[in-house]
Amino acid sequence: MNGLDSDFPLVPLRRLSSAPITNGLGEAGNPDNDEAWPRYIRTTDIATVRSLDPKKRLTLPAEIARQAPVFPYDILMTSAGATVGKSYIHLSGESACFAGYLSRWRVRRDRALPEFMAYFTESALFTSQVQAGAVKSTIENYSAAKYRATLAPVPSLAEQQAIVGFLDRETAQIDAFIAKNEELIALLTERRATVIRNATTTGIGSHEDLVDSGDEQVGPIPTRWRMLRLSFLFGSTASGTTPASEQILDADHADVPWVTTGELREAQITGTLRGVSAEILATTPALRLHPEGALLIAMYGATIGRTAILRVPAASNQAVCALSRPTGCDVEYVELALQASRERLRLKAVGGGQPNINQETVRAFRIPVPPLEEQRAIVAYVWSVPEKMET
């Protein structure tokens, strides 16, 4: 017994293939996208089981591409990397070939429908076999040979057609629902960003005269507001470091949370994925314990300007700047002002491959600051906006 549950006969993929299941080419691909050349499909190109990312299109000359062609209804399956088992069925008529980290399966039409087998590659029966058989090395892999031995359920062709029809109808409805929700989320996100930007530059319902802020990217601000450096608003600025890998623990086994920039998502942090021991915190000078209430700002790469507020004391890595000991400011207001100013802050970044900012950049950065009571009113107003948009 194979231990796999199925109401249909289970057959190895090699017996359901009209051509050997094999890997593709080890070429780099042409980024100039010569339209006369076939598309070169790589693992990173796969957006969904039925689509490719148009922004990642590479090509290869026809004489190279014909060594590993992709025909309509061929199924490509990832053989190496973090996305092992991810699949794609080539439903378009676009001329294409495929890369070496993919395995091509050309389904035998007298035994199975490619559309049915594409749905199979999204099933738990398929993924459980891949996960169980993948080699866990530096780069996880599931070879073409293992795909050939992978078992697939094979009902009659009539049953397969009925199942495909049912799943097409159901998934179309689900996809339409997801698309509508994604559109709504995008509209709400844009609306919220506009509310935050307006509230933190001109206030809410204010008829006060406006004056030049001194920064053309900010524009005019109310007369009672000031453009202030973050160093004027916070008495302490600190960062952290990354301990040795063996000193970084799962949160359940750590004494102190340890924050990375991936956890800065304009929200409050009450826990982290990883942490460190009290001993490592005490013996690592660069590892500072940031207090509860500290405002965290990401300083490196694509995450520059992302923020969060600590609701527990925590350490952080060197890519995080922590502002604490606020003076004359509401920390939640400052976070909103930074969200509205994120692109302005990102323009301060320097460096080649990964532009960064540093603590001095953060300290010198200026934001519009109204009187304290108005800051608190703005925070309350912004948090009420989602409720207003729902009613």
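Calculation rules
Residues numbered from 1 in each chain as written. Predicted model: local features only at pLDDT ≥ 70, side-chain atom pairs only at ≥ 80, totals over all residues. Heavy atoms only, no water. Pairing = 2+ DSSP bridges. Helix = DSSP H or I, 4+ residues; strand = E, 2+ residues; numbered from the N terminus. Axes fitted to C-alpha atoms, helices over the stretch in contact; angles between N-to-C directions. Phe/Tyr/Trp six-rings, centres within 6.5 Å; stacked < 30°, edge-to-face > 60°. Buried < 20%, exposed > 50% of the residue type's maximum accessible area, 1.4 Å probe, protein only. Lys NZ or Arg CZ within 6 Å of the ring centre and 35° of its normal. Expected span 1.5 Å × (residues − 1).

## So, the sheet that holds strand β18 (residues 267-269)
Reading across from one edge, β15-β23-β20-β21-β18 is the order of the five strands in this open sheet, with mixed pairing throughout. The open sheet terminates on both sides in strands that have one partner only, identified here as β15 (234-238) and β18. The average angle at which neighbouring strand axes cross in this sheet is 30 degrees, direction not considered. The sheet contact formed by β15 and strand β23 (residues 320-326) spans four bridges and is antiparallel. Within β23, the residue paired with F234 across the bridge is P326.

## What about the packing of aromatic side chains?
This structure, assessed with the given rule, holds three aromatic pairs. Summarising the aromatic geometry, the rings of F126 and Y147 are spaced 6.2 Å apart at their centres and angled 10 degrees between planes, so their arrangement reads as stacked. On the criterion of sequence distance, the pair formed by F126 in helix α3 (residues 124-133) and Y147 in helix α4 (residues 144-149) is long-range, its members being 21 residues apart. We classify F126 as buried; its relative accessible area is 0%. Ring pairs connect the aromatic residues F120, F126, Y142 and Y147, which therefore count as one cluster. The ring of Y119 has R50 sitting right over it, with the charged end atom 4.3 Å from the ring centre. The aromatic ring of Y73 is capped on one face by R109, whose charged end is 4.8 Å from the ring centroid.

## Section: the sheet that holds strand β6 (residues 69-70)
Pairing in this open sheet of three strands is mixed, and the strands run β3-β9-β6 from one edge to the other. In the strand order of this sheet, the two ends are held by β3 (39-41) and β6, each with one partner. Pairing between β3 and strand β9 (residues 96-98): three bridges, direction parallel. Within β9, the residue paired with Y40 across the bridge is C97.

## Digging into helix α5 (residues 157-202)
Its 46 residues give α5 an end-to-end C-alpha distance of 66 Å, which sits within 8% of 68 Å, the value for a rise of 1.5 Å per residue. All of the buried residues in α5 are Q160, V164, G165, V195, I196, A199, T200 and T201. Positive backbone phi, approximately 85 degrees, marks G203, located one or two places after α5.

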